[in-house]
Amino acid sequence: MGKLKMEEAKSPQHPLYDPPPKSRVQQWFLCILAVCHLSAFASLYVQWPGLYGPTGIMPAHQANPRGFSLQDISQAMGVPLAQTADAVCIVGMVVSSLLVAFPVARVSVAYVSLGVLYFSLYQVGRTFLWFQWDILLLEATFLSVLVAPLLPTGGVCCHGDIAMWLVRWLAFRLMFASGVVKLTSGCPTWWGLTALNWHYESQCIPTPLAWFAHQLPDFLQRLSVVFTFIIEILYPFLFFAPVAAVRAVGVYAQIFLMVMIMMTGNYNFFNLLTCGLVISSLDDGYLPSAATFLSLLSPTAVASGGFSAFTTLLLFPFRALLSLLTFPYDVVRGKAESRLSSLSVAVVLCGTVACLRILFEVDLLNMTTRVTFGKSEFYWFLQHAVPLSVIMGTVSLLITVARSFLGVVSSRDASRGRKAAEVIQMGVVTLLAGSLFAMSLVNLTELDQETQNKLPLSVQELYHKYRPYHVTNSYGLFRSMTGVGGRPELVIEGSHNADSGWMEYDFKYKPGKLGARPPVVIPHQPRLDWQMWFAALGSYNYNPWIINLAYQLLQNNTEVISLLHHNPFPEKPPKFIRATKYRYHYTSIKDAGAHWWARDSAEEYFPPLALYQPTLKEFLSYHGYTVPLKESFEVTRLTSFLKLFRTLVDMVDPVAFIWTILIISFLPHFKALRFRVSLFGI
């Protein structure tokens, strides 16, 4: 493996007031956010006609949003709603691609445009866009407007550290809440440390590695849950440690967790976005450079590893991951003169071991693990940890603001006029940061009602006033484990005869055929496949969109069928559609054979439906799925271009399309000659 190269940060002008340099950290955050937006817009674009088109599963024109939405843009442009959505997604992809490709383009106005465009889609998205990572992307984008400079100077704005502190606070709230809700939910699998015994099998869209992870011994599954609790509940407090090396331990622990989740589950852009948020706690010296990863593809790395150029290319992701995870150690080792850093990291590691011994009983001899605290002790912890988080956040924000102001005032390079302008600018940002922090306390204190009751009424009123804009949100991923005893899975079938001849509709990504290998679709989010998973957890009465899906299949709606992998009735639509719920299980290593899945416990989800049934149309009318589309727009060059672009994209696999534009966006970051030499050794 090529030796890692560290970029030493420049010594600050004023050792007391100047905060550690964050220019590269800010650029990484802005770039990662642009990648997430590019993935999100591209993923939505390829699915929009089938999901939200005029005859889609949940037509956009039937939405009744409050405030600004895609419908307003459609009226302003004088373009049909469906093609307005196409235009919004294309503009979002273009802007995101430019932000990924060219750092000079990463200015506030660009991120404002991304936020406005994605919010307009979110407003009409309803069920298929009501995911936590969608609102997380909106909140992170709002903060990026403050992080990015106003002008394309390529420098760091004077209030950058205050803005990046807000990103760090968001990362803390996300991870801390995600860990806490697992226990406050009362889910017996989390308390019994058996959640991962079911998670790999029951998650929405697993990867092939999830099958192998499911086969791991019970002791390792339980131990993984233990470390998940430590990383999510305790380690986020390290984000605010005064020692940079300690913060790096907390950050890279979160990155390790996200990588493990990414390898075993298809969670679109969420894991990458989380990594982008948590790196806000790092200093530049603890962030690998792009050259670090490119060096792993150099001819020297090939020769030293004894690999061919092609083998090195295949191993690159794994070697890059290993380099990333060992980077904090290399940095601390390279700065051996900093005894405080080494001592602080040692204290953190010893504290982790102490927590393991106090909170969990790990018997290596008998290979057993259990929780040693009860619900009363955990709620006692929350009653102290949540107020402590509020105090910690308040003090940390005040220190960051003070250091930023004093850094500007004590600067010897700036003129008095420039200093005055920067002080005013930071004053405005500080006021905004204080307001956002106060509003976020309403979300954080949901974990402890007693603390929330102590919040000033004015703070809660401010939060509810701006809540519709998702500038601050509540989070809590994997709150309770579903699929205990087998994952519920819906199978939709069609037939020309209600008594026989039923044939399955094959979805692109979700489990269906027993021999189908689980896919890898990151960063794409197939939203129909995801919602089919949620629908299986309840009934069709709580998921009326699935009845409209059946209604569209009864008509062989081409836009809806494009969301599926295979249509068993290509020439003539079926007369009947039904849905059956099964319990799916991974096969074991012994009986796997050619199958990844086994299924049992079939039960009716909804009965056979026919196009002529009055009850079907009554059901759809009751839930608002028969609202007619009233549009009268002329055909223009823009609409003709949008239609042509849609035709071309529809010829490409969705995942391949997303990865193609991602790779194209990153090409400017590589020098053509060096990339050729590094990759092929010529």
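The rules we used
- Residues numbered from 1 in each chain as written.
- Predicted model: local features only at pLDDT ≥ 70, side-chain atom pairs only at ≥ 80, totals over all residues.
- Heavy atoms only, no water.
- Helix = DSSP H or I, 4+ residues; strand = E, 2+ residues; numbered from the N terminus.
- Buried < 20%, exposed > 50% of the residue type's maximum accessible area, 1.4 Å probe, protein only.
- Contact = heavy atoms within 4.5 Å.
- Areas by Shrake-Rupley, 256 points an atom, 1.4 Å probe, with all protein chains shown as cover.
- Salt bridge = Lys/Arg side-chain N within 4 Å of Asp/Glu carboxyl O.
- Phe/Tyr/Trp six-rings, centres within 6.5 Å; stacked < 30°, edge-to-face > 60°.
- Patch = residues over 30% accessible without salt bridge, like charges linked within 9 Å, V, L, I, M, F, W, Y side chains within 5 Å.
- Core = buried A, V, L, I, M, F, W, Y, C linked by side-chain atoms within 4.5 Å.
- Pairing = 2+ DSSP bridges.
- Axes fitted to C-alpha atoms, helices over the stretch in contact; angles between N-to-C directions.
- Expected span 1.5 Å × (residues − 1).
- Parallel < 35°, antiparallel > 145°, perpendicular 65-115°, else oblique.
- Left-handed = near helix turned anticlockwise from the far one by under 90°.

Novice: What is the right way to look at the overall build of the protein chain in this model?
Specialist: Helix and strand counts for the protein chain come out as 27 helices and eight strands. Going through the 682 residues of the protein chain one by one, you find that 55% of them count as buried. Here the contacts in the protein chain between residues at least 6 apart in sequence split such that 78% fall between residues at least 24 apart. Within the structure as shown, the protein chain displays about 30,800 Å² of accessible surface, and the carbon and sulfur contribution to it stands at 64%.

Novice: What is the right way to look at the pattern of salt bridges in this model?
Specialist: Close approach of charged atoms lets side chains of opposite charge pair. Under the criterion given, the structure shown has 13 salt bridges. Notably, a salt bridge pairs Arg-247 with Asp-283, separated by 3.1 Å at the nearest N-O pair. Residue Arg-247 is found in helix H11 (residues 244–264), and its partner Asp-283 is found in the loop between helix H12 (270–278) and helix H13 (290–294); the two are separated by 36 residues along the sequence. Neither residue differs from the other here; Arg-247 and Asp-283 are each classed as buried. As a salt-bridge pair, Glu-489 and Arg-487 come within 2.8 Å of each other at their nearest N and O atoms. Residue Glu-489 shares its accessibility class with Arg-487, and that shared class is buried.

Novice: What is the right way to look at the packing of aromatic side chains in this model?
Specialist: For any pair of aromatic rings, the description consists of the separation of the ring centres together with the inter-plane angle of the planes. Counted under the stated rule, the structure contains 43 aromatic pairs. Between Trp-133 and Phe-270, the ring centres sit 5.7 Å apart and the planes meet at 45 degrees, which makes this aromatic pair tilted. With Trp-133 in helix H5 (residues 132–147) and Phe-270 in helix H12, this residue pair connects regions lying 137 residues apart in the sequence. For Phe-270, a relative accessible area of 4% puts it in the buried group. Measuring from ring centre to ring centre gives 6.4 Å for Tyr-540 and Tyr-605, while their planes differ by 70 degrees; the resulting arrangement is edge-to-face. Placement of Tyr-540 in the loop between helix H21 (527–536) and helix H22 (545–553) and of Tyr-605 in strand E8 (residues 597–610) is noted, with a sequence separation of 65 residues between them. Counting every residue linked through ring pairs, the aromatic cluster contains Phe-131, Trp-133, Tyr-267, Phe-270, Phe-478, Trp-530, Trp-533 and Phe-534.

Novice: Help me understand a nonpolar patch on the surface, please; the structure alone is not making it clear to me.
Specialist: Nonpolar side chains collect at one region of the surface, where Val-94, Leu-98, Phe-102 and Val-104 lie side by side and expose about 340 Å² of accessible area between them. Mapped onto the fold, Val-104 is located in the loop between helix H3 (81–101) and helix H4 (108–125).

Novice: Teacher, can you tell me more about the side chain of Thr-639 here?
Specialist: Along the polypeptide, Thr-639 turns up in helix H25 (residues 637–649). Judged by relative accessible area, which is 6%, Thr-639 ranks as buried. Residues within four places of Thr-639 in sequence aside, it is in contact with Val-79, Pro-80, Gln-83 and Glu-634.

Novice: Help me out: how do you make sense of H12 in this one?
Specialist: Along an α-helix, residues three or four positions apart point the same way, because every turn accommodates 3.6 residues. Among the nine residues that make up H12, eight are buried, leaving the element largely enclosed by the rest of the structure. Taken as a whole, H12 has its buried residues at Phe-270, Asn-271, Leu-273, Thr-274, Cys-275, Gly-276, Leu-277 and Val-278. Contacts made by the buried residues of H12 are with helix H1 (23–52), H5, helix H6 (160–184) and H11.

Novice: How do you make sense of the nonpolar core when you look at a structure like this?
Specialist: Side chains that are nonpolar tend, in soluble globular proteins, to be buried together. Of all hydrophobic cores here, the largest spans 205 residues; its most connected members are Phe-176, Leu-528, Trp-545, Ile-546 and Leu-549. Not counting residues up to four positions away in its chain, the partners in contact with Phe-176 are Glu-232, Ile-233, Pro-236, Phe-237, Leu-382, Ala-385, Val-386, Ser-389, Leu-444 and Leu-447.

Novice: Would you mind showing me how to read the side chain of Arg-247 here?
Specialist: Classification of Arg-247 by relative accessible area gives buried; the value is 7%. Every residue in contact with Arg-247, bar those within four places of it in the chain, is listed here: Arg-168, Leu-238, Phe-239, Ala-241, Pro-242, Ser-281 and Asp-283.

Novice: Would you explain the sheet that holds strand E4 (residues 503–504) in this entry?
Specialist: Strand pairing in a sheet relies on backbone hydrogen bonds, with the paired strands running either antiparallel or parallel. Reading across the sheet, the four strands line up as E4-E3-E7-E8 and stay open at both edges, with antiparallel pairing between neighbours. Whereas interior strands pair on both sides, the edge strands pair on one side only; in this sheet they are E4 and E8. When strand E3 (residues 487–495) meets strand E7 (residues 576–586), the two strands line up antiparallel, connected through nine bridges. Paired with Pro-488 across the bridge in E7 is Arg-583. Strand contacts of H22: E3, E7 and E8, with the helix running at about 75 degrees to E8, the strand carrying the most contacts.

Novice: In this structure, what is going on with H3? I would like to understand it.
Specialist: For H3, which comprises 21 residues, the first-to-last C-alpha distance of 30 Å matches the rise-based estimate of 30 Å (1.5 Å per residue) to within 8%. Burial within H3 is extensive, with 16 of its 21 residues counted as buried.

Novice: What is the right way to read the packing of H4 against H5 from this model?
Specialist: Describing two packed helices takes the angle between their axes plus the distance from one axis to the other. Taken N-terminus to C-terminus, the directions of H4 and H5 make an angle of 155 degrees; their axes are 8 Å apart at the nearest point. Our classification of the angle between H4 and H5 gives roughly antiparallel. Considering how the two elements wind past one another, H4 and H5 form a crossing that is left-handed. On H5, the residues that touch Ser-108, Tyr-111, Val-112, Leu-114, Gly-115, Tyr-118, Phe-119 and Tyr-122 of H4 are Asp-134, Ile-135, Leu-137, Leu-138, Thr-141, Ser-144 and Val-145.

Novice: Which parts of the structure should I look at to understand the environment of Glu-559?
Specialist: Note on placement: Glu-559 falls in helix H23 (residues 558–561). Residue class for Glu-559 comes out partly exposed when judged on its relative accessible area of 29%. When the C-alpha atoms of Glu-559 and Gly-53 are compared, they prove to be 8.0 Å apart, with 506 residues separating the residues in sequence. Once residues lying within four places of it in the same chain are set aside, the contact partners of Glu-559 are Pro-49, Gly-50 and Thr-55.

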